[in-house]
Each structure stands twice: as C-alpha cells, then as structure tokens.
Amino acid sequence: MNPVLFELPWGTPANAYGTLILVGGLVSVPGIWWDVQRRGLGKPSTASFIVDFALVLVLGAFVGGRLLHILTMPGPYLDDPSRLFRLEDTGFVFFGSLLAILGGWVWLARRYRTSFGTICDLGATWMGLGHAFGRLGCWFAGCCWGAPTDAAFGVQFPSESMAWLHAEIPRTATHTVPVHPTQLYEAVGLAAIFVGLAWIRRTRGIETTWRQASRYAIAYGILRATTEIFRGDASRGMLLDLRWPALAERLALPAEQPLLLSISQAVALALVALGVYGWHSTRPKVRSSWPPE
C-alpha cells in the first residue's frame, strides 16, 4: 500500500488513486473509439464525441462521488473545507459517481442526437475496466477496506493509511489487524465483468438498446452486494443489522459482522432488479404462427 506511486520530474507526487483512475480511463479509450465508430456516434466528429464522453466520466466520477461522500460524512469537510479538492485522506462513493455520469450521458445523448440507452450500452461495455483501476487506487490508498479476518490471505495496512486512521487500534500500532482485501476482490470482479461484456459486444454486435446496460447492472449489482459482506468500514451505513454468526465464521469474518443490509447493498440489489427488468424487456421476440403450418 502506497498512496503515492511516484514523483513527477518536477517533484510533485503522483497520487495513486487519481493516477490509476486516469490510467483506467486511458486504457479504455481504444475500445470506446472502436465501439463509437461502429455505432456511428458523434458524426461528423468522432473525436469530439470521445472527448466529451471522457470528460463526463472523469468529472462525473469526481463530482458525484465526492458529493455523495460529503452527504454521508459531512463532518470532516465542514471542519476542513480544503478536503473538497484533495484526493488523499478523503473519499468517494461509486454510486454517487454513477449517478452523476448518468446525468452527463443524458446531456451527451441530447448533444449528439442519439438515445440515452445507446450511450448507456456503450458505457456499460467499457466502464468496468476503468472502475477496476479505480479499485486498485483504493487498494493503494487503503480506503474501502475489509473486515478483520484470521484467513491466510488477510492483509495489514500500514500507519497513515485510511484503514489505519479509522481502525480501533492503539495509535502506536504500525499496522492494522489482518483484514479482507475487498478492494482486490472488487477489482478482479470488475475485470471479469469487463472481459465478459467486451467479448459479448465483439461477438454479438450491436444488440437491442438497453441489452448490454442490463447485463452490466445485473453483474455489477451482484458483485457489489457480495463484496459489501466483507467490508469493514462503517462509513457506508447500514439499513438493517442482520447477523448470521455461523455463516460469518465460514466466510472468515468476525462472528458479530453484519451480513445485511448496508446502504450500498440496497442500492446494488436495486441495480440488479433494474437490470433483470431491462434484460426481460429486451429479450428477442419469438414469432409463432397459429394454426401451425
């Protein structure tokens, strides 16, 4: 874990979280460009569309994610307003980023005279790749940490990491207790979602509007609802406090760890329901003749 990846030639530290989000966006560009061209979006200027699409992703991720984090944890920002513009020692909420990005895509659809669903299908295919890099940024920053575990794959975050700062341990401790590496769980899951959706897009071509977006909603909703079980940061808030000590112990979690229902889990499950509805609504119609010929 290291919140600074390296120093730039002029001495400025390259923040791991921001840098990896930028890298994730950049590695997504070739696939987005390929998809945009085949969908015929952005004409007569494909480059202009790509730039606007990228700006919506970057600005939406920062503004929406930060705004929802402020609403869930306003105290630190009221005490120190400069935290609004910092990447270190602060936080973001992905569902806030997603909501802001969707709002940006509404604007993008109107600007380029296409449907909102088409933009969502485009984004759904490639967004998992950038998001996976973002979760690696969480890993380096030590945020979004997991619950304590005695499993062999548990990890310890060093002092001054977000996990260490919020842990109930003596301030003289140099590391946290071993915790689940939830950031890596989600990064791997997001990479798998990206590979699956990119393969479907490549092999099946352009499908009915909302088909690809529905797949993403189902896949990411299930992934997020599952990884939330292993989360250890209480800042995300709980709607219900449902515990199952026997299952928690089988999952290498503390017996008192609540398994349901965090706010993020509720949103994730709503995303799954929305995806299932979209998937069902976009099924190819099977023609039947009566009487049989």
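Notes on the structure in this doc start here. (Residues numbered from 1 in each chain as written. Predicted model: local features only at pLDDT ≥ 70, side-chain atom pairs only at ≥ 80, totals over all residues. Heavy atoms only, no water.)

1. Here's the deal with the packing of helix α8 (residues 211-227) against helix α10 (residues 263-281)
In a pair of packed helices, the angle between the axes and the distance between the axes together describe the arrangement. Applied cut-off: Interaxial angles span 0 to 180 degrees and are taken between N-to-C directions of axes, which are lines fitted to C-alpha atoms, for helices over the stretch in contact. For the purposes of this entry, the term helix denotes a DSSP run of H or I that reaches at least four residues, the term strand denotes a run of E that reaches at least two, and both are numbered from the N terminus. An angle counts as roughly parallel when it lies under 35 degrees, as roughly antiparallel when it exceeds 145, as roughly perpendicular when it falls between 65 and 115, and as oblique in every other case. The hand of a helix crossing depends on one turn: near helix anticlockwise from the far one by less than a right angle means left-handed, and clockwise means right-handed. Note on contacts: a residue pair is in contact if any heavy atoms of the two residues lie within 4.5 Å. Each residue is assigned to one of three groups, with Ala, Val, Leu, Ile, Met, Phe, Trp, Tyr, Cys and Pro labelled nonpolar, Asp, Glu, Lys and Arg labelled charged, and all others, Gly among them, labelled polar.
Where α8 contacts α10, the axes come no closer than 7 Å and their chain directions differ by 150°. Regarding the angle of α8 to α10, the classification is roughly antiparallel. Crossing hand, α8 versus α10: left-handed. Between α8, through Arg-211, Ser-214, Arg-215, Ala-217, Ile-218, Tyr-220, Gly-221, Ile-222, Arg-224 and Ala-225, and α10, the contact on the second element is made entirely by Ser-264, Gln-265, Ala-268, Leu-269, Leu-271, Val-272, Gly-275, Val-276, Gly-278 and Trp-279. For the contact of α8 with α10, the class distribution of residues is 11 nonpolar, 6 polar and 3 charged.

2. Describing a nonpolar patch on the surface
Filter applied, for reference: Residues enter patches when they are more than 30% accessible in relative terms and free of salt bridges; like-charged ones are connected within 9 Å and nonpolar ones (Val, Leu, Ile, Met, Phe, Trp, Tyr) within 5 Å. A 1.4 Å probe and the Shrake-Rupley method give the accessible areas. Residues count as covered only by the protein chains that appear here. Within this document, salt bridges are pairs made up of a side-chain nitrogen of Lys or Arg and a carboxyl oxygen of Asp or Glu, the two lying within 4 Å of each other.
Residues Leu-239, Leu-240, Leu-242, Leu-260, Ile-263 and Val-267 make up a contiguous nonpolar surface patch of about 490 Å² in total accessible area. Mapped by element, the contributors of at least two residues to the nonpolar patch are β3 (238-243) and α10. Broken down by element, the nonpolar patch gets its largest block of residues, 3 residues, from β3.

3. Focus on the state of the cysteines
As a reminder, the rule being used: Any cysteine sulfur atom paired with another within 2.5 Å is treated as part of a disulfide. Only protein chains enter the calculation, and the probe is 1.4 Å; a residue is then buried if its accessible area is under 20% of its type maximum, exposed if over 50%, and partly exposed in between.
A full pass over the atoms with the stated rule returns 0 disulfides. Lacking any disulfide linkage, Cys-144 is separated from the closest cysteine sulfur, that of Cys-138, by 3.9 Å. On the basis of relative accessible area, Cys-144 is assigned to the buried category, the value being 13%.

4. Points about the packing of aromatic side chains
How two aromatic rings sit relative to each other is given by the distance of their centres and the angle of their planes. Threshold: For Phe, Tyr and Trp, where Trp contributes only its six-membered ring, two rings pair if their centres lie within 6.5 Å, and the inter-plane angle classes them as stacked under 30 degrees, edge-to-face over 60, or tilted in between.
According to the stated counting rule, one finds 9 aromatic pairs in the structure shown. Judged by centre distance (6.4 Å) and plane angle (80°), the rings of Trp-34 and Trp-126 are edge-to-face. On the criterion of sequence distance, the pair formed by Trp-34 in helix α1 (residues 16-39) and Trp-126 in helix α5 (residues 116-141) is long-range, its members being 92 residues apart. The partly exposed category is assigned to Trp-34, whose relative accessible area is 22%. The class of Trp-126 is buried, set by a relative accessible area of 11%. Ring plane angle 25° and centroid distance 6.1 Å describe the contact between Phe-49 and Phe-53, whose orientation is recorded as stacked. One end of the pair is Phe-49 and the other is Phe-53, both in helix α2 (residues 46-72) and 4 residues apart, which spans about a single turn. Here Phe-49 and Phe-53 have matching classes, each one buried. Site record: aromatic cluster; members linked through ring pairs are Phe-49, Phe-53, Trp-105 and Tyr-112.

5. Some words on helix α7 (residues 182-204)
What counts here: Between the first and last residue of a helix there are one fewer steps than residues, each counted as 1.5 Å, and that sum is the expected span.
Over its 23 residues, α7 extends 33 Å from the first C-alpha to the last, a length consistent with the 33 Å expected when each residue adds 1.5 Å. Just downstream of α7, Gly-205 is the residue with a positive phi angle, here 75°.

6. Structural notes on the pairing of strand β4 (residues 258-262)
Successive side chains on a regular strand alternate, one facing one side of the sheet and the next facing the other. Counted only if it meets this: For two strands to pair, DSSP has to find at least two bridges joining them.
Judged by how many residues are buried, β4 sits mostly within the fold: 4 of 5 residues are covered. In the sheet, β3 pairs with β4 via 3 bridges, with the strands oriented antiparallel. Its bridge partner lying in β4, Met-238 is registered against Ser-262.

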